[in-house]
Amino acid sequence: MQFHQYDVVIVGAGGAGMRAALEASSEARTAVISKLYPTRSHTGAAQGGMCAALANVEEDNWEWHTFDTVKGGDYLVDQDAAEIMAKEAIDAVLDLERMGLPFNRTPEGKIDQRRFGGHTRNHGEAAVRRACYAADRTGHMILQTLYQNCVKQDVEFFNEFYVLDLIVDHDLSAGHVPDGEEVNATGVVAYDLATGEIHVFQAKSIVFATGGAGKIFKTTSNAHTLTGDGMALALRRGLPLEDMEFFQFHPTGLAGLGILLSEAARGEGGILRNSNGERFMERYAPTIKDLAPRDIVARSMANEVREGRGAGPNKDYVLLDLTHLEPAHIDAKLPDITEFARTYLGIEPYTEPVPVYPTAHYAMGGIPTNVTAEVLRNSDDVVKGLYAAGEVACVSVHGSNRLGTNSLLDINVFGKRAGRAAAAYAKTAEFKDLPENAAERTIAQLEELRTRPDGERVSDVRKALQETMDANAQVFRTQESLEQCLADIRVLQERYKNVSVQDKGKMFNTDLLEALELGFLLDIAEVTVIAALNRKESRGGHFREDYPDRDDANYMRHTMVYRRPLEGAEGNHESVEADITPDTAFAHVSEFDTYKVVIGSKPVVQTRYEPMERKY
Amino acid sequence: MTATLENSTAGAPSAAGEIPSFDVTIKVRRYLPESSHGDEAYWDEYKLTMYGTDRVLDALHKIKWENDGSLTFRRSCAHGICGSDAMRINGRNRLACKTLLKDLNPNKPITIEPIKGLPVIKDLVVDMEPFFASYREIMPFLITSGNQPSRERIQSAEQRERFDDTTKCILCAACTSSCPVFWTDGQYFGPAAIVNAHRFIFDSRDEGATQRLEVLNDKEGVWRCRTTFNCTEACPRGIEVTKAIQEVKQAMIRRAI
Amino acid sequence: MSTSTIANPRDPYARKRLSRTNTELWAWLFMRVSGVILVVLIFGHLFVNLMVGDGVKAIDFAFVGGKWSSPFWQVWDLLMLWLAMIHGTNGVRTVINDYAEKHATRVVLKSLLTLGFVITVVLGTLVIFTFDSCPPGSPAELLPSFCTAA
């Protein structure tokens, strides 16, 4: 076992993690721990662009951007946070340009901008050109540029280190800690994949930037490595997760594969058609048609297929038509995604429409934070020295549905804020002692898993989980399907206890890690479904067929889910309740055999915009 | 519209909508220093039933998930963007997630080896550190002088186009580890480092070209390139790597004369 | 954490040494330039020796002696010798660099190469400049026509 001490430890080296590292490393002794080489992070898969009201090509301002974000999120957005993001977007884009990001240019040599789903002029009049882009590899360029600047600043990386535990000076998991008490994050425990050695990192500030959890679904645009590690660790250590029921399904995944085809394809003029060749989005969103927010487009597509107008031999997808665009235009603006269609489906997008179907894409929910990226342990109290940014966090700027491009914005704006806040806090704070046995739990867990006799296969359990999530908790959800899904997950949680690994070695044991990741996935899927069951309304990415309308009276609040021990029935029952805002709509408790999942809520911050019906 | 629909299902054809399956033999070069094989590499063969839309990565996953959990390889995004799974497939460097099995002649065994020239850690996993060290040496970041502008730097669309090709690099090491010069002793900077230097040398905003050219003028720099075009052929992103290297050479000669 | 050790990150990889000279640049450029010149020199040489007049049948001691008595052909052949030898030697040097994996092997091979280069070039140069077209006591019919039988 090795021991390290840093002022700031950043967990995750994707966009948010590296953006935070750039801020923190110039101010404080910083280490970045990442389970992948930084340039392997899934930020690199983002394609379309990053919105900011630069007004380089047409009139625009950040207030319109804020409005679009709030409306796109179906009013579950914290409006103060959205305003910060839209305002700071401009500097975030300019920062990246100055760092060297090769944006596409206008004829005058300024950063070029294009249309994107849900981004409109003057509160919904028409689509606006707001997305700054670098062909269809904006995310790739952001990731590369941030890594390049980390090289420039000599940021210290621990690559292929898996963080497996978060150390906090109070045990939050039992729910005993009263509101208002100071709780500090003191370190993390990491596993060096190459050697199998355990490393303990003591830190004044810890930033979680571990990304999403798309692998709870079968059809997903997410990487194999996006297994919700950060979220699950927080949940297991007693922190809440916010708005987990809201998962975005990106409309245009390659049918059957889930590989992302950017919204930019529609921004550049691509059209969605059903088997009759009809441009069906005209019926669902008459004003902005194919550029409606993702939840609406995804649902419309699923509905077309459900009503028998799907294309293909099984009528199970719709078509993205680019054939009316000039090949030269496609090559200039969308080279990568057309190559995906060619490589994986053998389809030539110049002449043939591309089969597409919604694919699980982005977790709107995550670890709750305030606008300075500090992690909340209930609706008000922060955990000192603990920050989160990016997809793992829920600020919440995305509400119930994220607008396209706002994720790249989120990582840059809140990554920067997290890095700054973490470094500033580290300058004022002292190291807190770590418990003597800080790594014990992790070591025991690994040892137990490694030596467990032959049992269930990791892949069988994972496959079953992904299949039930796809079948029961996808675009359309009902009480029945969600209950089925939860029952399945409970069975799988039981089976997980018998999961064994074949590779018993210490070096580069990816078999072992897949087993650990499966545990994270199960926990995240479980709270996602429980939160979805509790929200008996339809809003943004969460659509309940049995409750098809938005219910602002009862559900205009963020869901908070907590995991608590079962035995808290008598003595600490009150303190459990004290963590949670009493509200009839958010008073659900799901009991499992060794723990329970408790639902709470947090108010939505409203500043300028009154909730309205969402029409496009 | 409907006429093209019939053709557009090439990935999943046949009236019943069944994807055709076939049997394939995968030969993987194993290296498990902790096992009884010790420091000896050996070949393992697996017979699998795969489908027309499956990629080499799917075959490796099938082996790992259903057959032999100790098979070790890196992978992440699974669609050719992250650069984790460069490996030597039938003697050619490719990304496992971008190579369809049906394109590889499944009648013969498909051989899979780790990329060459970098120390193997386990099975298909190699130590990438020497590769990234070369990358870091060429100063892969924008170098400018003076104050930052208050808005963006101005760059024309043509100036931006000049280095577009080399911005595509995902640092997968397929090019560098396909280079015979790199195989010898691993001292050559390698195509990937030069490509990333090219990306900045030809960026109109950058002022560090001289320093980068100086670095690459090293005896292990661009002059070791023998224009065998292995790198261009290996690049999963279609970057014209050899051309980029030649352009860097030309820039150096222009500077020297 | 009483037994705490502050660990180093993994050992950084280091290139053996950096050379900041233009040697390789000039070597690379020399190969291109000398290549072009050699094409002219060699084909000119072949044309004059093998095709002009009686062609290949005319080559004998007298022919060679006649040529090397002229400063023009002395310079031509000297250039050809030097350029071809440097070009070829540098080419073999890069082959050694590319294919010899051990430093010691490289040193041995390159030493042999240098030795061969020096011997060939010195001998060749000596021959070109010290060649006696009219060795005394030779039969006149074997000598170039300008030799006075003395």
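Scroll up to find the structure this text is about.
Residues numbered from 1 in each chain as written. Chains lettered and ligands numbered in written order. Predicted model: local features only at pLDDT ≥ 70, side-chain atom pairs only at ≥ 80, totals over all residues. Heavy atoms only, no water.

(A) Representation of the overall build of chain B. A tally of helices and strands in chain B yields nine helices and seven strands. Dimensions of chain B, computed from C-alpha atoms along their principal axes, come out at roughly 65 × 60 × 35 Å. Counting all 257 residues of chain B, 62% fall into the buried class. For chain B, restricting intrachain contacts to residue pairs at least 6 apart in sequence, the fraction spanning at least 24 positions comes to 64%. Of the roughly 9,500 Å² of accessible surface on chain B, a fraction of 48% belongs to carbon and sulfur atoms. (Helix = DSSP H or I, 4+ residues; strand = E, 2+ residues; numbered from the N terminus. Buried < 20%, exposed > 50% of the residue type's maximum accessible area, 1.4 Å probe, protein only. Contact = heavy atoms within 4.5 Å. Areas by Shrake-Rupley, 256 points an atom, 1.4 Å probe, with all protein chains shown as cover.)

(B) Layout of the packing of aromatic side chains. Overall, the coordinates contain 25 aromatic pairs over all chains when judged by the stated rule. Ring geometry for Phe-280 of chain A versus Tyr-284 of chain A: centroids 6.3 Å apart, planes at 85°, classification edge-to-face. For Tyr-284 of chain A, a relative accessible area of 28% translates into the label partly exposed. Consider the rings of Trp-73 of chain C and Trp-76 of chain C, whose centres lie 5.2 Å apart with planes at 55°: the pair is tilted. In this pair, Trp-73 of chain C and Trp-76 of chain C both sit in helix 3 (residues 71-99), three residues apart, roughly one turn of the helix. Here Trp-76 of chain C falls in the buried class, since its relative accessible area comes to 16%. In this arrangement the basic side chain of Arg-199 of chain B is found over the ring face of Phe-200 of chain B, its NZ or CZ atom lying 3.9 Å from the centre. When the ring centre of Trp-73 of chain C is taken as reference, the NZ or CZ atom of Lys-67 of chain C above it lies at 4.3 Å. (Phe/Tyr/Trp six-rings, centres within 6.5 Å; stacked < 30°, edge-to-face > 60°. Lys NZ or Arg CZ within 6 Å of the ring centre and 35° of its normal.)

(C) The arrangement of the pairing of strand 3 (residues 86-89) of chain B in detail. Residues and elements named next belong to chain B. Judged by which residues are buried, strand 3 turns out to be covered on both faces: Ala-86 and Arg-88 on one side and Met-87 and Ile-89 on the other are all buried. Across four bridges, the pairing between strand 3 and strand 4 (residues 92-95) is antiparallel. Its bridge partner being in strand 4, Met-87 is matched across the sheet by Arg-94. Judged from the two bridges that link them, strand 3 and strand 5 (residues 110-113) form a sheet pairing that is antiparallel. Each bridged residue has a counterpart across the sheet, and for Arg-88 the counterpart in strand 5 is Glu-113. (Pairing = 2+ DSSP bridges.)

(D) Representation of the state of the cysteines within the structure. One pass over the full model with this rule turns up zero disulfides over all chains. The cysteine Cys-132 of chain A is free of any disulfide, with Cys-51 of chain A supplying the nearest cysteine sulfur at 7.2 Å. Cys-235 of chain B takes part in no disulfide bond, and the closest cysteine sulfur, belonging to Cys-172 of chain B, lies 6.5 Å away. With relative accessibility at 16%, the residue Cys-235 of chain B sits in the buried group. (Disulfide = S-S within 2.5 Å.)

(E) Focus on helix 8 (residues 294-306) of chain A. Residue and element names in this part refer to chain A. With 13 residues, helix 8 should reach 18 Å at 1.5 Å per residue; the first-to-last C-alpha distance of 18 Å fits that figure. Extensive coverage of helix 8 is indicated by the burial of twelve of its 13 residues. Along helix 8, the positions that sit buried rather than exposed are Arg-294, Asp-295, Ile-296, Val-297, Ala-298, Arg-299, Ser-300, Met-301, Ala-302, Asn-303, Glu-304 and Val-305. Just beyond helix 8, the residue with positive phi is Gly-308, at close to 85°. (Expected span 1.5 Å × (residues − 1).)

(F) Quick look at the pattern of salt bridges. Residues and elements named next belong to chain A. Overall, the coordinates contain 82 salt bridges over all chains when judged by the stated rule. Asp-7 is paired through a salt bridge with Lys-204; the nearest N and O atoms lie 3.6 Å apart. Of the two residues, Asp-7 sits in strand 1 (residues 2-11) while Lys-204 sits in strand 9 (residues 198-208), which places them 197 residues apart along the sequence. Owing to a relative accessible area of 19%, Asp-7 belongs among the buried residues under this scheme. Note that Glu-23 is salt-bridged to Arg-420, the shortest N-O span being 3.0 Å. Placement of the pair is Glu-23 in helix 1 (residues 15-25) and Arg-420 in helix 11 (residues 406-428), with a sequence separation of 397 residues. What you see here is one network of salt bridges that share partners, running through Asp-74, Glu-245, Asp-295, Arg-299, Arg-535, Glu-537, Arg-539, Arg-550, Asp-552 and Arg-614. (Salt bridge = Lys/Arg side-chain N within 4 Å of Asp/Glu carboxyl O.)

(G) Seen up close, unusual backbone geometry. Residue Val-395 of chain A is joined to Ser-396 of chain A through a cis peptide bond whose omega torsion reads 10°. Along the chain, the position of Ser-396 of chain A falls in the loop between strand 18 (393-394) and helix 11. Unusually for a residue other than glycine, Ala-55 of chain A sits at a positive phi of about 55°. Checked against the element boundaries, Ala-55 of chain A lands in the loop between strand 3 (50-51) and helix 2 (62-72). Relative accessible area serves as the criterion here: at 34%, Ala-55 of chain A is assigned to the partly exposed category. Phi is positive for Asn-105 of chain B, which is not a glycine, with a value near 60°. Of note, Asn-105 of chain B is situated in the loop between strand 4 and strand 5.

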